[in-house]
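Descriptive analysis of the structure
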Amino acid sequence: MKLITHVRLLSAALMAVVAFTSFSPAVSAQQTPASLFINAPQSRFPFLPKMKRMDMVDYYNSGVGRGSDNLLGGKSRILELTPDQIKVELVEGGMSTTTLSIVPYAKNDSLVVAVSNVSTPAPDGMISFYTTDWKEVDTNRLFEAPTFDDWLPKGIDRTLRDDIRNAVPFVMAQYSFDPSTQILTLTQTAAQYLPKADYAIAKDHLVKELRYKWNGKKMEKIK
């Protein structure tokens, strides 16, 4: 249990770093995922100067697989870049990644969907939303985070549910958003952080993944 608590706290700390180093309001109205990434001010990427971000985009567009030096002493690189999404490896080895996607919102507007994952060592994700001029939008209004019971099959026996709850104090999940289908997928990673004895109790009952569809106004759970 001490190990689980330590992992959870470390994950939360890294998430705080990712959230702090994400975004800003100083961008123009016409945006692409690449320009959103490049034009974020230095204060939002303290370990990744703007020139480095520009280099990363140039390397990717040129088919060069090299990373750019960051101020942490490691490498950062772009993993994917399309007109609708950019995926950035902020810390090499997959320790920290962020994707920025642009989705339609309301009648004639767009939103930025920011999905971040950190590994400590199991992947754990978060999602946040911004206007295209980087004003933060209340995430709770657009996405209802899953509860523990969402990870269990409907109608599960209450005693079994309590046993699983005791074995799994929290559920970590990797987040992935596909702009082509507008689907957000949360994949639980319990096998990577639970003690074997606890995972043995839960593995046959935990739902593998949860999916949500962007409906133009919010993320709606796919039943």
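In this text, all values refer to a predicted model and were calculated from it rather than measured experimentally.

Judged by nonpolar contacts, the single largest core of 34 residues is most densely connected at Val168 and Leu184. When near neighbours in sequence (up to four residues on either side) are disregarded, Val168 contacts Phe148, Tyr193, Leu194, Ala202 and Leu206. Counting residues in hydrophobic clusters, the runner-up holds 21 residues, among them Leu36, Phe37, Val57 and Val88.

With that out of the way, let us pick up the pattern of salt bridges. Side-chain pairs of opposite charge can arise where the charged atoms are in close proximity. Evaluated as defined, the whole model comprises five salt bridges. We note a salt bridge from Glu89 to Arg77, for which the minimum N-O separation is 3.3 Å. Taken together, the residues span a long stretch of sequence, with Glu89 in strand β3 (residues 85-91) and Arg77 in strand β2 (residues 75-81) at a distance of twelve residues. The exposure class of Glu89 is buried, given its relative accessible area of 9%. With a shortest N-O distance of 3.3 Å, Lys221 and Asp150 are connected by a salt bridge. Taken together, the residues Lys221 in strand β11 (residues 219-221) and Asp150 in the loop between α4 (139-142) and α5 (158-167) connect sequence positions 71 residues apart. Counted as one network, the salt bridges with shared partners bring together Asp149, Arg161 and Asp162.

The next point concerns the packing of aromatic side chains. Enumeration according to the criterion identifies five aromatic pairs in this entry. Aromatic side chains Phe143 and Tyr212 sit 5.0 Å apart centroid to centroid with 75 degrees between the ring planes, which places their arrangement in the edge-to-face category. Of this pair, Phe143 sits in the loop between α4 and α5 while Tyr212 sits in strand β10 (residues 209-214), placing them 69 residues apart in sequence. Given a relative accessible area of 5%, Phe143 falls into the buried group. Tyr212 sits in the buried class, given a relative accessible area of 3%. Following the ring pairs from residue to residue traces out a cluster consisting of Tyr105, Phe129 and Trp214. The ring of Phe148 has Arg165 sitting right over it, with the charged end atom 4.4 Å from the ring centre.

Here the focus is the sheet that holds strand β1 (residues 68-69). With respect to topology, seven strands assemble into an open sheet ordered β1-β2-β3-β4-β5-β6-β7, the strand pairing being antiparallel. Each end of this open sheet is capped by a strand with a single partner; those strands are β1 and β7 (136-137). Pairing analysis gives four bridges linking β2 to β3, with the strands arranged antiparallel. Bridging across to β3, Leu81 finds its partner in Ile86. Strands in contact with helix α3 (residues 50-61) are β1, β2 and β3; relative to β2, the strand with the most contacts, it is inclined by about 50 degrees.

All right, on to the side chain of Ser128 then. With respect to the helices and strands, Ser128 occurs in strand β6 (residues 123-131). Given the relative accessible area of 9%, Ser128 is considered buried. Among residues more than four places away in sequence, those in contact with Ser128 are Val112, Val113, Ala114 and Thr139.

If you trace the backbone, Gln42 turns up in the loop between α2 (33-39) and α3. With sequence-adjacent residues up to four places away left out, Gln42 is seen in contact with Phe47, Leu48, Pro49, Lys50 and Arg53.

Along the chain, Gln182 turns up in the loop between β8 (173-178) and β9 (183-188). Taking relative accessible area as the criterion, Gln182 reaches 15% and is therefore assigned buried. A distance of 2.6 Å separates a polar side-chain atom of Gln182 from the backbone oxygen of Pro179. With residues near it in sequence (within four places) discarded, Gln182 still touches Val103, Pro104, Phe177, Tyr212, Lys213 and Trp214.

Calculation rules
Residues numbered from 1 in each chain as written. Predicted model: local features only at pLDDT ≥ 70, side-chain atom pairs only at ≥ 80, totals over all residues. Heavy atoms only, no water. Core = buried A, V, L, I, M, F, W, Y, C linked by side-chain atoms within 4.5 Å. Buried < 20%, exposed > 50% of the residue type's maximum accessible area, 1.4 Å probe, protein only. Contact = heavy atoms within 4.5 Å. Salt bridge = Lys/Arg side-chain N within 4 Å of Asp/Glu carboxyl O. Helix = DSSP H or I, 4+ residues; strand = E, 2+ residues; numbered from the N terminus. Phe/Tyr/Trp six-rings, centres within 6.5 Å; stacked < 30°, edge-to-face > 60°. Lys NZ or Arg CZ within 6 Å of the ring centre and 35° of its normal. Pairing = 2+ DSSP bridges. Axes fitted to C-alpha atoms, helices over the stretch in contact; angles between N-to-C directions. Polar contact = N/O pair within 3.5 Å; in protein donor to acceptor, adjacent residues only side chain to side chain.

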